[in-house]
Amino acid sequence: MRHGRIMIQSYKINIKSIQLACLVMAICFIAVPIQAQTISGVVTDEDNGERLPGVNIVVQGTSIGTATDADGNFQLDVPSLNETIVVSYVGYQTKEISISGRETIEITLLPQSVMGDELVVIGYGTQRRADVTGSISTVSSDNFNQGVVSSPEQLLQGKVPGLSVTAQGGQPGAPQTISIRGLGSLRTGSGPLFVIDGVAIDNSNTAPTGDSFGMSTTSPTNPLAFLNPDDIESINVLKDASATAIYGSRAANGVILISTKSGEIGQAQLNYSSRLGISKIANRLDLLSPEEFADFHNSNGRSDLDYGNRTNWMDQILRTAYSHEQSLSYSGGNESSTYYASVNYSDQPGILKGSDLEKYGGRLNLTQGFLDNRLDIGVTLSANQTHTDYAPTGNNPGVNGDYLSWAMQLNPTYPTHNPDGSLFIVSDGGMNPLQALDLITNFSDVTRVLGSIEASFEITEGLLYKVNFGLDNSNGSQISQVDRHGIFRIQNPEGRLVDSKLERNNIQTESTLNYLFDVDNHGFDVLGGFSYQKFEIEGRTWSINNFSTTEIEAYHNPGIGSSLTIGQNQPSGFSSVNELQSVFGRVNYDYMNRYFLTATLRTDGSSRFGDEYRYGYFPSFSAAWQLSDEAFFDFNSLSNLRLRAGWGQTGTQDIPNGITQQLINVGINSGYELTPGTITPGITFLRTQNETIRWEVSTQSNLGIDFGFFENTVYGTVDVFRKVSSDILFNSTSGVDPITPTDSFWNNLDMEIINQGLEFTLGFQKNISNDFTFDVNANASFIENEVTKLPVSQILTGAISGQGLSGERVQAVLNNQPIGTFYLLDWVGLDENGENIFRDVNGDNAITNADRIVAGNAIPEFTYGISAFFGYKNLDLNLNFNGVSGNELYWNDQNGRFTMPQLIGGQNIDKIGFNLNESSSNSAGASTRFLHDGSYFRLNNATLGYNLDTSGYLDFIRELRLSVTAQNLFTLTDYPGFDPEVDTPRAVGGITAAGIDATRYPPARTFQFAINLSF
């Protein structure tokens, strides 16, 4: 595409500049010794004698260092033989060794305890895993899902119990729906809080929504797609209130902390990775073939519907997509400073023609110590550009359809092109899908800068003051254009251009005072802090119609448009500000490193609420007991046993800005019909004022056990939880003011949403020998969701689309039922006339909405993941599985497109709808006929890798790894659609709907080949 080529050229310029800057920075950090003597030696594991490759060895107080080779050997030039060297290696205890005149040194390292000494990122700090009292899951970069990954949520799928990750479609960069321990709110968009390197981000869309031209609305690119997965060190998921309460008002649905990589003490490292991916559609629908379609109509006297061609319309819009990723990083450091710099580029075309995701960016993470490291300054900075081309398909195709829906249902005997090479025009009200691809252009560009600067000063021993400033700025644009045309199903035949802009600005400043001290066997960690955050958003849209030529693209020169009217082209815009100020405190206490207590309190004030209820107070308490350290505990095989308990409250202010205030419209069409047929100019009331809106509150309790057997060879956790959300924020569609009634009135419903369940992890890791090791891990969660005390009989949601389905809803919020409940007529079968038979539930001899039943639920009762690692010498295999059970899916495509009346009318259908007993006049209203089991078991990704030993012939290469990854290799399911991982946005009035599949962009199966080099 023309705009794509322009961006790639820009990338080449930028990446050279970034590489040069990284090189200059690195040179500034590297000290060159004036005089040196050489020492050498070997580093081994103290327990089993195994030689350790890649161990960092650095002269204390300098940047002089090296790393061991593949056989554990090292050689290092040191200023003198009186120096001290620092030896460090991931998973082992760091050691300081005095050279004491020796030229040859044999070094042994002691492994760290897997269960206890691991550092875990928590809110405003880190803790040893053994000191954590809350429910926190950690996934490090070594355990991430592999393959083509466009956003960090995909790295976690199937890895964390209680965490649900569902893609909204297969479009590269498609948004992901995430929930932690169930759905705790009625509203869409109420997901977890994301914190990246200490900056709490607003995970809202960074690109505006484009114009559909009657086709379908496309979801904007995932706002987290800007992150480079290669830059991420670890992701911590905070699940219970005792862990999340430190984040107060935004933590009701959990917190996800993303930590990016930093430099390590030792020799500088240059890392390069290159990946090539090949993607094809993973699963096809079982549509009637052109021959089957023609045979059916010819045998039924409708030879006029057989045009003699044999066209597979899905093949016309699908393709084999070739993606590639390049990533380069440079890192290192010494005892007083570290640095990490990276640049990256990726291009990920979609398997549907016309779709593409292109990204490039850079990152710089620096730390520098001053005053004998009492003062530390840290800087993180990332700048990224994301370009997305959208195929003309989306979430709600409706009666007009889109190019995917027409590829599924168009008569397969039509030709694709006319004899003269022009595209064939369908004359019976359908649409050649290639015309939408040819006529419609939809793309977005987003530039995002995320950074922070932090200073920490040790006032006295154990007393640390820290201040940081964070910035998250994004500028997004969306171009939507349709060329001049004569296609019935596409709007604006004269041509139309829509240009939209969206800017988000997030500023955060925080100060904390942290005091760590011991009194005899009592340890204290006291934290107090203040936080202020300001979110600004601004958007504008303009348009122009009636293009005078087809030789120039209107988005390059809007002057080719010749029609500007208030009715069609009235400019629009908006701007809003939201502010948060918070005071928080936390006390961690331990006695003899055996008994642990944590207490947290956060007070949040939000400008989204009125003066009376502006502030919310969110406390939490938790405790842990390291039972296996007790003197009376004498179970040799049980090496670790830890009990945890917690309680806390968190809040939600995830509501639109200004909803406590009255909203009026003063546009040209505002006013009321005081005289029949005539609008009297004035104002129109749109939203009723309500200053008494309160915070939505989530109260959660948690009981947990951590255990390990046989020196933690077998390890795991078990958690039981109960989360109750109350004071549910809700937008009523009719106001309470009889004088100025409106369609919007926000208030708190005196109801509860309860999520309770059990989650566990179980792992086994063993080094069978120096050559063979394996690690198997499984996790699962059982969740029950229930709505109680609902003050109304039902709230309908879950819109579906298709001919005759306008206004149809398939889900309802009901008392004593879970969110995502399917509320449908119960389809029994067909009568002797081929018409539907529905169960008469109330026995009144009439089928009405009163006969709807609770037919199932879209939220899985059971989710699970399994990962396995096998390593033999330099060869390794990683397998990651995930699955769900106990949920149903509603296939909107079957309801609206794949029934016998559609086939008899001349459209193609999936074989699931082929039934010769069905009447051509049978209605296709919503019912259990189109409800299916949504359970599945998937091999998410499998990676086979080999680490080449380069010693002796490529000594300048520290590591060389080749790997191949298969992604979405197989899925076991009874669901007949493209894929059972379904979350098409189908909310009504902002009320969550789930499990509805409607013309979903199909997922891909990908094979990726990678090479990783370290110097």
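The name given to the protein in an unreviewed UniProt entry is TonB-dependent receptor, and the organism recorded there is Rhodohalobacter sulfatireducens. Within the UniProt record for the protein, the comment given under Sequence similarities (unreviewed entry) is "Belongs to the TonB-dependent receptor family." Of the comments in the UniProt record for the protein, the one headed Subcellular location (unreviewed entry) reads "Cell outer membrane".

Undergrad: Just to check I follow, could you spell out the overall build of the protein for this structure?
TA: A tally of regular secondary structure across the protein gives nine helices and 52 strands. Taken against the 2.2 N^0.38 rule, which gives 31 Å for 1015 residues, the C-alpha radius of gyration of the protein at 31 Å falls within 12% of a compact globule. Counting 60 positive and 108 negative side-chain charges, the protein places the centres of these two groups 3 Å from one another.

Undergrad: What's the story with the sheet that holds strand β13 (residues 193–196) in this structure? I'm lost.
TA: Hydrogen bonding along the main chain pairs the strands of a sheet, whether they run parallel or antiparallel. Pairing within the open sheet is mixed, and its five strands lie in the order β10-β15-β16-β13-β14. Each edge of the open sheet is held by one strand with a lone partner, namely β10 (136–140) and β14 (199–201). Taking the axes of each pair of neighbouring strands and ignoring which way they run, one obtains an average angle of 20 degrees across the sheet. Where β13 meets strand β16 (residues 255–260), four bridges bridge the pair, whose relative direction is parallel. Within β16, the position partnered with Phe194 by the bridge is Ile256.

Undergrad: Explain the side chain of Gln157 here, please?
TA: Summarising the element assignment, Gln157 is placed in the loop between β10 and β11 (163–167). Using a relative accessible area of 13% as the deciding quantity, one classes Gln157 as buried. Here the side chain of Gln157 touches Val165 through a polar contact of 2.8 Å, landing on its backbone oxygen. In contact with Gln157, not counting residues within four places along its chain, are Asn145, Val165, Asn882, Asn940 and Glu981.

Undergrad: What am I meant to see in the environment of Gln154 here?
TA: Within the fold, Gln154 resides in the loop between β10 and β11. Along the chain, Gln154 and Gln491 lie 337 residues apart, while their C-alpha atoms are 36 Å from each other. If we skip the residues at most four places from it in the chain, Gln154 touches Asn145, Val148, Val149 and Gln176. A polar side-chain atom of Gln154 sits 3.1 Å from the main-chain amide nitrogen of Ser151.

The rules we used
Residues numbered from 1 in each chain as written. Predicted model: local features only at pLDDT ≥ 70, side-chain atom pairs only at ≥ 80, totals over all residues. Heavy atoms only, no water. UniProt positions renumbered as here; feature names shortened; annotations may be inferred. Helix = DSSP H or I, 4+ residues; strand = E, 2+ residues; numbered from the N terminus. Rg over C-alpha atoms; globule rule 2.2 N^0.38 Å. Lys, Arg positive; Asp, Glu negative; His and termini not counted. Charge placed at Lys NZ, Arg CZ, Asp CG, Glu CD. Pairing = 2+ DSSP bridges. Axes fitted to C-alpha atoms, helices over the stretch in contact; angles between N-to-C directions. Buried < 20%, exposed > 50% of the residue type's maximum accessible area, 1.4 Å probe, protein only. Polar contact = N/O pair within 3.5 Å; in protein donor to acceptor, adjacent residues only side chain to side chain. Contact = heavy atoms within 4.5 Å.

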